[in-house]
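# Observations on the three-dimensional arrangement
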Amino acid sequence: MDAVRAHLGGVKVQLCGLAQYANLVGVTVGYTVTASMCMGSVRRKKCLHAEDNCHVSTTIYMIIFGCIQLILCQVPNYHKLSWISILAAVMSITYSFIGLGLSVAKVAAGTQLNEGAEVTTTWPTVSEAQRLWKIFQAIGNIAFAYAYSTVLIEIQDTLKSSPAENKTMKRASFVGISTTTIFYLLCGCVGYAAFGEDAPGDLLSGFHQPLWLLNVANVSLAIHLIGAYQVFVQPIFSLVESSCRQRWPEVKFVTADHQITIPFLGGTGFHVNCFILVWRSAYVAVTTVLAMLLPFFNVFLALIGAASFWPLTVYFPIEMYIARAKLPKFSFSWMGLQALSLACLLVSLVAAAGSVEGLIQSL
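Each value, and the rule that gives it
- Residues numbered from 1 in each chain as written.
- Predicted model: local features only at pLDDT ≥ 70, side-chain atom pairs only at ≥ 80, totals over all residues.
- Heavy atoms only, no water.
- Axes fitted to C-alpha atoms, helices over the stretch in contact; angles between N-to-C directions.
- Helix = DSSP H or I, 4+ residues; strand = E, 2+ residues; numbered from the N terminus.
- Parallel < 35°, antiparallel > 145°, perpendicular 65-115°, else oblique.
- Left-handed = near helix turned anticlockwise from the far one by under 90°.
- Contact = heavy atoms within 4.5 Å.
- Nonpolar A, V, L, I, M, F, W, Y, C, P; charged D, E, K, R; others polar.
- Buried < 20%, exposed > 50% of the residue type's maximum accessible area, 1.4 Å probe, protein only.
- Expected span 1.5 Å × (residues − 1).
- Bend = angle between axes of the 7 residues up to and from the residue.
- Salt bridge = Lys/Arg side-chain N within 4 Å of Asp/Glu carboxyl O.
- UniProt positions renumbered as here; feature names shortened; annotations may be inferred.

Glancing now at the packing of helix H3 (residues 59–72) against helix H8 (residues 211–247). As a packed pair, H3 and H8 sit with axes 11 Å apart at the nearest point and diverge in direction by 50°. The pairing of H3 with H8 is recorded here as oblique in orientation. Crossing geometry of H3 relative to H8 is assigned as right-handed. On H8, the residues touching Phe65, Ile68, Gln69 and Leu72 of H3 are Leu225, Ile226, Tyr229 and Gln230. Class assignment of the residues belonging to the contact of H3 with H8 gives a composition of 6 nonpolar, 2 polar and no charged.

Here you go:
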């Protein structure tokens, strides 16, 4: 919002804030759904191997995830969370390699065992209209995969100025986007080679052996999402808390910190702010309840991706660049950037339409 205020101003600042913070709330709900599915998958695969038809509900795992976030949300800021960010990145690489390796193994085994066999898929049972809606949903999922744009500037704002923040962030973005693009393309292509058009929404759910490796992958994914939740929720906390301090500077409930000493640790303790404790706990509780009400993995993530992709990843960055570079209207560069923005708007609209239709069908 500060970047848009500096370059564009006016009502666009509020529109940017609405798009960004609505997206951040949606992402935290989506991560709660996804993490609970991963935790439940460990139990579900154990039942399958034991040939036990047990029912695995994700609700209890959403509550567990919420309880973990209740504790982590009391950490005051980004700087105190660097360790969990590093852990999340390691876990992300771990489950990506496992999913990729299992897909390669399935392709190799399928080539040897099913050579010359007739290939069949479930697509013939799906109408052309449903197939089109599913394609639109997939576009939304692809858009969601690059949701980092909503926290990029917030992360850059926490960097120190030597070297310059923008240079550090450009290097980090280059490494990050290159790494994720390689993994996305490999998992997408090799996953399609392994499953064809019967590919599951969650790649790991398509495998059943070896059990221990799948458990490692699902636990790694859950740990990754625990850390990712914190990265996406911190800007929300920062906005609300700074706004409340500015509006009610005299209210002790909002501004006062209380020292809590831990017995038997030589006077060691920590500071507690009552407002932060209540507000952050309430936020986690609300997002957990929303996740219970909308436990639809791919459709919900696609809707979040569709809603945030165009305004936050395309429109505002392009408009800020045009304003900063002072590009004249109807120049070649201006028309090219506007054409790109319009094309991405159409992508977001069809993805949103497919996601809403899928959500209605799921409900």
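In this structure, Leu303 sits in helix H11 (residues 297–325). Judged by relative accessible area, Leu303 falls into the partly exposed class, the value being 24%. Taking C-alpha positions, Leu303 is 6.3 Å from Gly140, a pair spaced 163 residues apart along the chain. Discounting chain neighbours no more than four positions away, the residues touching Leu303 are Ala352, Ser355, Val356 and Leu359.

The subject of this paragraph is H8. The end-to-end C-alpha distance of H8, which contains 37 residues, comes to 54 Å, matching closely the 54 Å that a straight helix rising 1.5 Å per residue would cover. The principal kink in H8, of about 35°, is found at Val233, preceding the proline Pro235 by one to four residues.

Tracing the backbone shows Thr287 in helix H10 (residues 274–293). Given a relative accessible area of 1%, Thr287 falls into the buried group. Taking the C-alpha atoms as reference points, Thr287 and Gly30, separated by 257 residues in sequence, lie 9.1 Å from one another. Dropping the residues within four chain positions of it, Thr287 is found in contact with Thr28, Val29 and Tyr229.

Further remarks concern the pattern of salt bridges. Counted under the stated rule, the structure contains 2 salt bridges. In this structure, Arg5 engages Asp2 in a salt bridge whose closest nitrogen and oxygen atoms are separated by 2.7 Å. With Arg5 and Asp2 both in helix H1 (residues 2–7), this residue pair falls 3 residues apart, about one helical turn. Since its relative accessible area comes to 61%, Asp2 is described here as exposed. Linking Arg280 and Glu241 is a salt bridge whose minimum nitrogen-to-oxygen distance equals 2.7 Å. Remark: Glu241 occurs in helix H8 and Arg280 occurs in helix H10; sequence separation between them is 39 residues. Like Arg280, the residue Glu241 is buried in the burial classification.

Okay, the packing of H8 against H10 next. Contact geometry for H8 and H10: axes closest at 11 Å, N-to-C directions at 135°. Classified by the angle their axes make, H8 and H10 are oblique. Of the two possible hands of crossing, H8 and H10 adopt the one that is right-handed. In this structure, H8 contributes Tyr229, Val233, Gln234, Ile236, Phe237, Val240, Glu241 and Cys244 to the contact, and H10 contributes Phe275, Ile276, Trp279, Arg280, Tyr283, Val284 and Thr287. Per-class residue counts for the contact of H8 with H10 are 11 nonpolar, 2 polar and 2 charged.

Attention now goes to the side chain of Ser173. Examined against the element boundaries, Ser173 turns out to sit in helix H7 (residues 165–195). Looking at Ser173, the relative accessible area reads 16%, which means it is buried. Apart from residues no more than four positions distant in its own chain, Ser173 is found in contact with Tyr148, Leu152 and Ser178.

Mapped onto the present numbering, the UniProt feature "transmembrane region" (unreviewed entry) falls at residues 20–42, 54–72, 84–105, 174–195, 215–240, 260–279, 299–318 and 339–360. Regarding residues 174–195, the helix share stands at 100% and the strand share at 0%, and the terminal C-alpha atoms are separated by 31 Å. In residues 339–360, the share of helix is 100% and the share of strand is 0%. The end C-alpha atoms are 32 Å apart.

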